[in-house]
Each structure stands twice: as structure tokens, then as C-alpha cells.
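These are the residues of each chain, in order.
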Amino acid sequence: MKLIFLGPPGAGKGTLAVRAVDILKVQQISTGSIFRAAIAEETPLGLKVKSIIDAGKLVDDETTIALVKERLAKDDVKNGYILDGFPRTIPQAEALATFSTVEKVINFDIPDEGVLERLGGRQVCRKCGFNFHAIFNKPSKEGNCDHCGGEVYIRDDDKPEAVQKRLEVYRAQTAPLIDFYRAKGLLIDIDARPMVDEIVVNFKKALGI
Ligand code: AMP
């Protein structure tokens, strides 16, 4: 199955994606994680995008589209994928349609207060990208990932100034994708407020699996 996970930062796209990958046996492709890995490795891409990401702005469409196009050309996504964090603009969605056929778009519906609460406590594993939360989902051993033992840290772009900017960017550039995909009959709305187990149940029901 070829899916897009659409929603504001902190809506829980990455958290559900980890569960959905297991259920659907497909790859999760998170453009944010690819950029963060490039930053950590100080590759030319990482050096180019670091200040943009830290400020909560979007990487340019040309760079992002090229990255996803290359990733979707690989064999391991022939039978399906979950795009987590892509597309984020109308031009990205239009470009995607030229090189892949998406089956469904899951729209994570959550009010701003929910986003602020989640991002305020979010902690991420530097190695496997798993998301924890300082209150709702703490790692068993502080600072260490339960799944791979990697270092758990707070993303620079989860700091309050960057979070506000990311929400603004989401509303201006990404939210129009809701109508774009609804008009194509691909959109499924999911209430992103409950805990992840309940969202998994609703997600499966919505896909009829
Ligand atoms: P995420 O992990 O999805 O929250 O992404 C973190 C950051 O990476 C975003 O705030 C953007 O700066 C950048 N980014 C991720 N995906 C995209 C995209 N599709 N287009 C442009 N920038 C992106």
C-alpha cells in the first residue's frame, strides 16, 4: 500500500508510522529523518539544510523532490511505502504524482493545543528516530532509546520559537494539501488526539484491514 501521512508537526505521524510499518510490511520514508541523518553525518545536503531546519522553515522543493524521487526508485518500496512528512507543499504533491501513484492520504487531525503539548515534551532517538515524550512516553532509562540503545535528545526545531514557525509554515504551505487530496478522493481523516493504540485501531478500520 502506498500512503501519505499528512498533518502538522507533532500530530503523531512518526509514532503511528512505526506501528503501521509493522502492520503493512512497507517502508517508512521520513524526509525529516533523512535530513537529520544528513546533518549528523555533515554531508553536503546536511550542511545545506541545517540552518533552514533549525529555524523551522521548509527545505526548498527542488532538493526535497529530488531526494524522494531517488528514494522511491529503490526496489524496497515497489510494493508500498508510508511517506511521513512529504509532500509538504502543492508543488511537491504535483511532482510526486509524476513518479508514483499514492493510494490513500491519512490526514492527522489535531488542534494546535495538542501539537504544542506533544512537541513541548518530545524526545527523539538519534539512531533509530523513535519518538518518546517526557510525560506520556518516557524512555525506561533516561537519555537512552528502549529499542536500539541510541541517544535520546530534544530536536533543535522542537524549541518554542521554531515550533511556532513550523505551525505557521504548516498552515500556509502544507494544510492546502488537505483539500488537494480530498478533491482527488484520496483523503482519510484520523482523529490524532487519542493515544497511539486507539489510533492504530481507527487507522486499520479506515483502511479496511
Ligand atoms: P519532520 O521531521 O517531518 O518534522 O521534518 C523536520 C524538518 O525537515 C521540517 O521542519 C523541514 O525543515 C524539513 N522537511 C522535512 N520534510 C520536508 C519536506 N517535505 N519539504 C520541505 N522541508 C521538509
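Residues numbered from 1 in each chain as written. Predicted model: local features only at pLDDT ≥ 70, side-chain atom pairs only at ≥ 80, totals over all residues. Heavy atoms only, no water.

Peer 1: I keep staring at the site of the ligand and nothing clicks. Help me out?
Peer 2: Lining the immediate environment of the ligand, one finds 16 residues, of which T31, R36, K57, G85 and Q92 sit closest. Contacts to the ligand include T31, whose side-chain N or O atom sits 2.7 Å from a nitrogen atom. Between R166 and the ligand, the recorded distance is 3.3 Å, taken from a side-chain N or O atom to an oxygen atom. Alone, the ligand offers 480 Å² of accessible surface; in the complex the protein occludes 96% of this. Per-element accounting of the shell around the ligand gives the leading share, four residues, to helix α2 (residues 31-40). Per-class residue counts for the shell around the ligand are five nonpolar, five polar and six charged. (Near = heavy atom within 4 Å. Polar contact = N/O pair within 3.5 Å; in protein donor to acceptor, adjacent residues only side chain to side chain. Areas by Shrake-Rupley, 256 points an atom, 1.4 Å probe, with all protein chains shown as cover. Helix = DSSP H or I, 4+ residues; strand = E, 2+ residues; numbered from the N terminus. Nonpolar A, V, L, I, M, F, W, Y, C, P; charged D, E, K, R; others polar.)

Peer 1: Explanation requested: the nonpolar core in the structure shown.
Peer 2: Where a protein is soluble and globular, its nonpolar side chains tend to be buried together. Counting 23 residues, the largest nonpolar core has L3, F5, L16, I82, I106, F108 and F203 as the members making the most contacts within it. Those residues in contact with I106, other than ones at most four positions away along the chain, are I4, F5, L6, I188, I190, F203 and L207. Counting residues in hydrophobic clusters, the runner-up holds 22 residues, among them I29, L72, V105 and L186. (Core = buried A, V, L, I, M, F, W, Y, C linked by side-chain atoms within 4.5 Å. Buried < 20%, exposed > 50% of the residue type's maximum accessible area, 1.4 Å probe, protein only. Contact = heavy atoms within 4.5 Å.)

Peer 1: What is the right way to look at the packing of aromatic side chains in this model?
Peer 2: The description of an aromatic ring pair rests on the distance of the ring centres and on the angle between the ring planes. What the rule picks out here adds up to four aromatic pairs. Their ring planes at 55 degrees and their centres at 5.2 Å tell us that F5 and F108 sit as a pair that is tilted. One end of the pair, F5, is in strand β1 (residues 2-6); the other, F108, is in strand β4 (residues 104-109), with 103 residues separating them in the sequence. Taken as a pair, F5 and F108 share a single burial class, namely buried. Taking 5.0 Å as the distance between ring centres and 90 degrees as the angle between the ring planes, the aromatic pair formed by F180 and Y181 counts as edge-to-face. Assessed through its relative accessible area of 18%, F180 is described here as buried. A relative accessible area of 4% places Y181 in the buried class. Among the aromatic residues, those joined into a cluster by ring pairs are F5, F108 and F203. Over the ring of F180 we find K184, and its NZ or CZ is 4.7 Å from the ring centre. (Phe/Tyr/Trp six-rings, centres within 6.5 Å; stacked < 30°, edge-to-face > 60°. Lys NZ or Arg CZ within 6 Å of the ring centre and 35° of its normal.)

Remember that the coordinates give geometry; whether it matters functionally is a separate question.
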